[in-house]
Amino acid sequence: FDATEIAFNPIWAKASNVSYIHVGFKPLMMLRKGDTLSIDLPGFEFPPAVDNVTVKWPHLDDKQTFEAWHPGAAALVVTMPVDVRAYTTCSIFIPSSNGAKLPYVGVRRNDPVLKISTTAADGPAPPTSIIKSQPVGSFTDSTRLRFSVEGFGEGRVGSLVSIWVYFRPQMAMQSGDHVTLK
């Protein structure tokens, strides 16, 4: 696959919130009607009663299909509704009405755990990381905690200390946004 990306509703995209999911991709092989795509979405959740997810295909005049959500694998398995030539820009839109919740830990920018694969007869592709992912509620690996005693260096057991929290958000933050420490 080429040009793979995943995005969410920019207004409601917060960790644990319901959002739409948009997946864009360009297959390097022909995808035939009946071939399956698997989109790995670890940490995402759909309501327990949801087995079939409504999917719209914007590049196919918003054709609508019902696809299988596999909660144990955290994967949406999509069956191609028509033949699609190699190098065709494709997109899948999963409306928020399906109740898809973003991971409670957020989504890192260009998160390597989000993957796409296919069983295409013209060239199966193993799970490959989606190249571009919208960051949501993520500080990646930038968080750091430090304790210090003013003017005396590092904190010691039983002493009063200052607590320093360092982080670099991977998503846009606005004035008035809250950061919660637990």
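Bear in mind that the values here come from a model prediction, so they are computed numbers and not experimental data.

Draft legend 1. View of unusual backbone geometry. Look at Asp-62: it is not a glycine, yet its phi comes out positive at around 60°. Here Asp-62 is to be found in the loop between strand 4 (52–57) and strand 5 (63–70). By relative accessible area, Asp-62 is classed as partly exposed at 47%. Of note, Asn-110 is a non-glycine position whose phi angle comes to about 50°, a positive value. By secondary structure assignment, the location of Asn-110 is in the loop between strand 7 (90–94) and strand 8 (115–118). Looking at Asn-110, the relative accessible area reads 37%, which means it is partly exposed.

Draft legend 2. Highlighting the packing of aromatic side chains. Across all of its chains, the model carries 4 aromatic pairs by this definition. When the centroid spacing of 5.8 Å and the interplanar angle of 85° are considered together, the rings of Phe-1 and Phe-25 count as edge-to-face. With Phe-1 in the segment before strand 1 (2–8) and Phe-25 in strand 2 (residues 21–26), the pair connects residues that are 24 residues apart, well separated along the chain. With respect to burial, Phe-1 and Phe-25 carry one shared label: buried. For the pair Phe-8 and Phe-44, a centre-to-centre distance of 5.9 Å together with 40° between the ring planes defines the contact as tilted. Linking Phe-8 in strand 1 with Phe-44 in the loop between strand 3 (36–40) and strand 4, this pair joins segments that are 36 residues apart in sequence. The burial state of Phe-8 is the same as that of Phe-44; both residues are buried.

Analysis parameters
Residues numbered from 1 in each chain as written. Predicted model: local features only at pLDDT ≥ 70, side-chain atom pairs only at ≥ 80, totals over all residues. Heavy atoms only, no water. Helix = DSSP H or I, 4+ residues; strand = E, 2+ residues; numbered from the N terminus. Buried < 20%, exposed > 50% of the residue type's maximum accessible area, 1.4 Å probe, protein only. Phe/Tyr/Trp six-rings, centres within 6.5 Å; stacked < 30°, edge-to-face > 60°.

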